[in-house]
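Geometric and topological summary
What follows is the residue order along each chain.
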Amino acid sequence: MIPAAQAQQLGVTQSQILTISIERLFAESEFGQRIANEIDAESAVLAAENRRIEGELEQEERDLTERRKSLDANAFRVLADAFDQKVQSHRTTQKSKYEALNQKGDIARAEFLQVIVPILEDLRREAGAAVLIEKSTVILADPTFDITAIAISRVNVALGDGARITTDPQQ
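**Describing helix α4 (residues 73-127)**
A rise of 1.5 Å per residue sets the reference length of α4, with its 55 residues, at 81 Å; its end C-alpha atoms lie 78 Å apart and thus fit the reference within 8%. Roughly 40 degrees is the biggest bend found in α4, and it falls at Ile116, with proline Pro118 one to four residues downstream. Looking at where α4 begins, the residue whose side-chain oxygen comes 3.0 Å from the main-chain nitrogen of Asn74 is Asp72. Positive phi appears at Gly128, one or two residues downstream of α4, with a value of about 70 degrees.

**Some details on the layout of surface pockets**
In this model, the largest pocket occupies a volume close to 210 Å³. Looking at the largest pocket, the residues that line it are Asn50, Ile53, Glu54, Leu57, Glu58, Glu61, Phe83, Val87, His90, Arg91 and Gln94. Counting residues per element, the ones that place at least two in the lining of the largest pocket are α3 (30-68) and α4. A per-element tally of the lining of the largest pocket places α3 first, with six residues. Each residue belonging to the lining of the largest pocket can be placed in one class, and the counts come to four nonpolar, three polar and four charged.

**Here we look at the environment of Phe83**
Locating Phe83 in the fold gives a position in helix α4. Accessibility expressed as a relative area gives 10% for Phe83, which makes it buried. Separated by 35 residues in the primary sequence, Phe83 and Pro118 place their C-alpha atoms 55 Å from one another. The contacts of Phe83, once residues within four sequence positions are left out, are Leu57, Glu60, Glu61 and Leu64.

**Some details on the packing of α4 against helix α5 (residues 148-159)**
In helix packing, the relevant descriptors are the interaxial angle and the interaxial distance, both defined with respect to the helix axes. Where α4 contacts α5, the two axes come as close as 10 Å, and the packing angle between them is 125 degrees. By the angle between their axes, α4 is oblique relative to α5. Crossing of α4 against α5: the hand is right-handed. Note on element contacts: α5 touches α4 through Ile150, Ala151, Arg154, Val155, Ala158 and Leu159, opposite Phe112, Val115, Ile116, Ile119, Leu120, Leu123 and Glu126. Considering only residue class, the contact of α4 with α5 consists of 11 nonpolar, no polar and two charged.

**Here we look at the packing of aromatic side chains**
Applying the stated criterion to the full structure yields three aromatic pairs. Aromatic pair Phe26 and Phe112: ring centres 5.1 Å apart, planes at 75 degrees, arrangement edge-to-face. Separated by 86 residues along the polypeptide, Phe26 in helix α2 (residues 22-28) and Phe112 in helix α4 bring together distant segments of the chain. Phe112 gets classed as buried once you look at its relative accessible area, which sits at 0%.

**Observations regarding the pattern of salt bridges**
Here the structure, examined in full by the defined rule, presents 16 salt bridges. Close ionic contact of Glu38 with Arg34 constitutes a salt bridge, the shortest N to O distance being 2.9 Å. Of this pair, Glu38 and Arg34 both sit in helix α3, four residues apart, which is roughly one turn of the helix. Since its relative accessible area comes to 27%, Glu38 is described here as partly exposed. Between Lys135 and Asp146 there is a salt bridge; the shortest N-O distance is 2.8 Å. On the criterion of sequence distance, the pair formed by Lys135 in the loop between β2 (131-134) and α5 and Asp146 in the loop between β2 and α5 is long-range, its members being 11 residues apart. Among the ionic contacts, a cluster of salt bridges with common partners joins Arg34, Glu38, Glu42 and Lys104.

**Some words on the nonpolar core**
Grouped together as the largest cluster of nonpolar side chains are 24 residues, with contacts concentrated most on Ile20, Leu25, Phe112, Ile116, Leu120, Val155 and Leu159. Only β1 (17-20), α2, α3, α4 and α5 provide two or more residues apiece to this core. By residue number, the principal contributor to this core is α4, which donates nine residues. Excluding its chain neighbours within four sequence positions, the residues that come into contact with Leu120 are Ile20, Ile22, Leu25, Leu132 and Ala151. Counting residues in hydrophobic clusters, the runner-up holds seven residues, among them Ile53, Phe76, Ala80 and Val87.

The rules behind each value
- Residues numbered from 1 in each chain as written.
- Predicted model: local features only at pLDDT ≥ 70, side-chain atom pairs only at ≥ 80, totals over all residues.
- Heavy atoms only, no water.
- Helix = DSSP H or I, 4+ residues; strand = E, 2+ residues; numbered from the N terminus.
- Expected span 1.5 Å × (residues − 1).
- Bend = angle between axes of the 7 residues up to and from the residue.
- Polar contact = N/O pair within 3.5 Å; in protein donor to acceptor, adjacent residues only side chain to side chain.
- 1 Å grid on protein atoms, 1.4 Å probe; cavity = no way out; pocket = protein on both sides within 12 Å on 5 of 7 lines; lining within 4 Å.
- Points joined across faces, edges and corners; volume = space filled by probe spheres on them.
- Nonpolar A, V, L, I, M, F, W, Y, C, P; charged D, E, K, R; others polar.
- Buried < 20%, exposed > 50% of the residue type's maximum accessible area, 1.4 Å probe, protein only.
- Contact = heavy atoms within 4.5 Å.
- Axes fitted to C-alpha atoms, helices over the stretch in contact; angles between N-to-C directions.
- Parallel < 35°, antiparallel > 145°, perpendicular 65-115°, else oblique.
- Left-handed = near helix turned anticlockwise from the far one by under 90°.
- Phe/Tyr/Trp six-rings, centres within 6.5 Å; stacked < 30°, edge-to-face > 60°.
- Salt bridge = Lys/Arg side-chain N within 4 Å of Asp/Glu carboxyl O.
- Core = buried A, V, L, I, M, F, W, Y, C linked by side-chain atoms within 4.5 Å.

This is the structure:
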């Protein structure tokens, strides 16, 4: 246990109750920024892929509309149904890709929270605090009891961007 005077010198407020913004901690940490950048890059690739597919489908639809003039109703219906199935398949595939991307963010956040517990525990102990509360659930608090900035600094030192961290026991 660090004496109160020494803890104050390290920038940790002495209090029984501390607050922290986990959202800000994640977003402003190198780990969270790496995840956000990866998701942004993957989203951009997915958006470009969607635009390409939409363009191809629009062209195919125009071609099908043009061919309608020279086809009997039954032949056109077969082609139109096949086209509709193709469109639905693409929508389902792209939706799955977006869901996987969202899940990647959720998994990274859960991994982050799991890995930072010892860092937060050290901060809690240094402050002599009994409780560390999520800031968003507090109605009123003295801002000096918010340790988010200190936690960001400590997490960055301990984890960096977290690229080498895994919580998967199989790895």
